[in-house]
Amino acid sequence: MNFLRHRLIGLPALVLSITVAGCSSADDDTSAAVPSPGARATKLCQNLDKVLPSKVAGESRRDPEPASALTAGWGNPEIILRCGVPRPPKMIDPKVAEGHDADAVPGGVNGVDWLMEKGDGGAYRFTCANREAYVEVTVPEGVDRSAVLIDLASAVKSAIPEGLAD
């Protein structure tokens, strides 16, 4: 029997949440909530899944449960990617754009714009901006965030066109 411990990362559950569960048994399965986007974003996310790298920040791909083309993972503790998530509220918060929010910062890496949000326990959540589907990447404490975004940039650019998500 698996004994799970849960950690909420990022914004409060009523606004936007990701639950990443780590398993204490020997199989070390991780789970991630599967997004439920519309048909267009789902197709883009399926295309993204086909071009994601086998390694990110030097870590091998280990997809979370339940299996889905909308989620991917690498390493242990896992870097979790979820495609087709809702737009984070901070993405349109003028305080963030003006640099007045210490916990959320916009920026770009290799042609992909990201909103970076500090989470609990040293984790960070990145959500791509200016793309036709929102891609969210949660990076645990101790993992090179720059390497993660660099390794994912070409896949995001090739599968998720520039534009505004629905």
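Not measured: the values here are computed from a predicted model. (Residues numbered from 1 in each chain as written. Predicted model: local features only at pLDDT ≥ 70, side-chain atom pairs only at ≥ 80, totals over all residues. Heavy atoms only, no water.)

Undergrad: How do you make sense of the overall build of the protein when you look at a structure like this?
TA: In terms of regular secondary structure, the protein is built from three helices and 11 strands. Overall, the protein shows an N-to-C arrangement of helices and strands of β-β-β-α-β-β-β-β-α-β-β-β-β-α. When the 166 residues of the protein are sorted by exposure, 42% land in the buried category. Contacts spanning at least 24 positions in sequence make up 52% of the contacts within the protein whose residues lie at least 6 apart. Just so you have it, the protein exposes about 8,300 Å², and 52% of that area is on carbon and sulfur atoms. (Helix = DSSP H or I, 4+ residues; strand = E, 2+ residues; numbered from the N terminus. Buried < 20%, exposed > 50% of the residue type's maximum accessible area, 1.4 Å probe, protein only. Contact = heavy atoms within 4.5 Å. Areas by Shrake-Rupley, 256 points an atom, 1.4 Å probe, with all protein chains shown as cover.)

Undergrad: Would you explain the layout of surface pockets in this entry?
TA: Within this model, the second largest pocket holds a volume of roughly 150 Å³. If you trace the second largest pocket, you find 14 residues lining it, with Pro37, Gly38, Ala41, Gly84 and Asp166 closest to the centre. In terms of residue class, the lining of the second largest pocket is built from eight nonpolar, two polar and four charged. (1 Å grid on protein atoms, 1.4 Å probe; cavity = no way out; pocket = protein on both sides within 12 Å on 5 of 7 lines; lining within 4 Å. Points joined across faces, edges and corners; volume = space filled by probe spheres on them. Nonpolar A, V, L, I, M, F, W, Y, C, P; charged D, E, K, R; others polar.)

Undergrad: In this structure, what is going on with unusual backbone geometry? I would like to understand it.
TA: Cis geometry is adopted by the peptide bond preceding Pro66, which originates at Glu65 and carries an omega value of -10°. Looking at where Pro66 falls in the secondary structure, it is placed in the loop between strand E5 (59-60) and strand E6 (71-74). At Ala57, a residue that is not glycine, the phi angle is positive and equals roughly 55°. For Asn110, which is not glycine, the phi torsion reads 50° and is therefore positive. Summarising the element assignment, Asn110 is placed in the loop between strand E8 (104-109) and strand E9 (112-118). Among the residues examined, Asn110 registers a relative accessible area of 46% and is labelled partly exposed.

Undergrad: In this structure, what is going on with the side chain of Thr71? I would like to understand it.
TA: Looking at the secondary structure, you find Thr71 in strand E6. Sequence-distant contacts of Thr71, that is, excluding residues within four places in its chain, are made with Ala33, Val34, Pro35, Asp49, Arg61, Asp63, Pro64, Pro66, Leu81 and Arg82.

Undergrad: What is the right way to look at the nonpolar core in this model?
TA: Side chains that are nonpolar tend, in soluble globular proteins, to be buried together. Membership of the largest hydrophobic core comes to 31 residues, with the highest contact counts inside it found for Leu48, Leu81, Trp114, Val137 and Ile160. Counting residues per element, the ones that place at least two in this core are helix H1 (39-51), E6, strand E7 (79-83), E9, strand E10 (124-129), strand E11 (135-139) and helix H3 (145-159). With seven residues, H3 is the single largest residue contributor to this core. Setting aside residues no more than four positions away along its own chain, Val137 makes contact with Ile79, Ile80, Leu81, Trp114, Tyr124, Arg125, Phe126, Val148 and Leu152. (Core = buried A, V, L, I, M, F, W, Y, C linked by side-chain atoms within 4.5 Å.)

Undergrad: What is the right way to look at the packing of aromatic side chains in this model?
TA: The geometry of two aromatic rings is summed up by the distance between their centres and the angle between their planes. According to the stated counting rule, one finds two aromatic pairs in the structure shown. Each ring, one from Trp114 and one from Phe126, has its centre 6.5 Å from the other, and the planes form 85°; the classification is edge-to-face. Residue Trp114 is found in strand E9, and its partner Phe126 is found in strand E10; the two are separated by 12 residues along the sequence. The exposure class of Trp114 is buried, given its relative accessible area of 4%. Judged by relative accessible area, which is 3%, Phe126 ranks as buried. What links up through ring pairs into an aromatic cluster is the set Trp114, Tyr124 and Phe126. Residue placement shows Arg145 over the ring face of Tyr124; its charged tip is 4.0 Å from the ring centre. (Phe/Tyr/Trp six-rings, centres within 6.5 Å; stacked < 30°, edge-to-face > 60°. Lys NZ or Arg CZ within 6 Å of the ring centre and 35° of its normal.)

Undergrad: Just to check I follow, could you spell out the pattern of salt bridges for this structure?
TA: Side-chain pairs of opposite charge can arise whenever the charged atoms involved come near each other. One pass over the full model with this rule turns up six salt bridges. One salt bridge connects Arg61 with Asp49, and the closest N-O pair in it is separated by 2.6 Å. Pair noted here: Arg61 is in the loop between E5 and E6 and Asp49 is in helix H1, with a separation of 12 residues, a long-range link. Between Arg125 and Glu117 there is a salt bridge; the shortest N-O distance is 3.4 Å. (Salt bridge = Lys/Arg side-chain N within 4 Å of Asp/Glu carboxyl O.)

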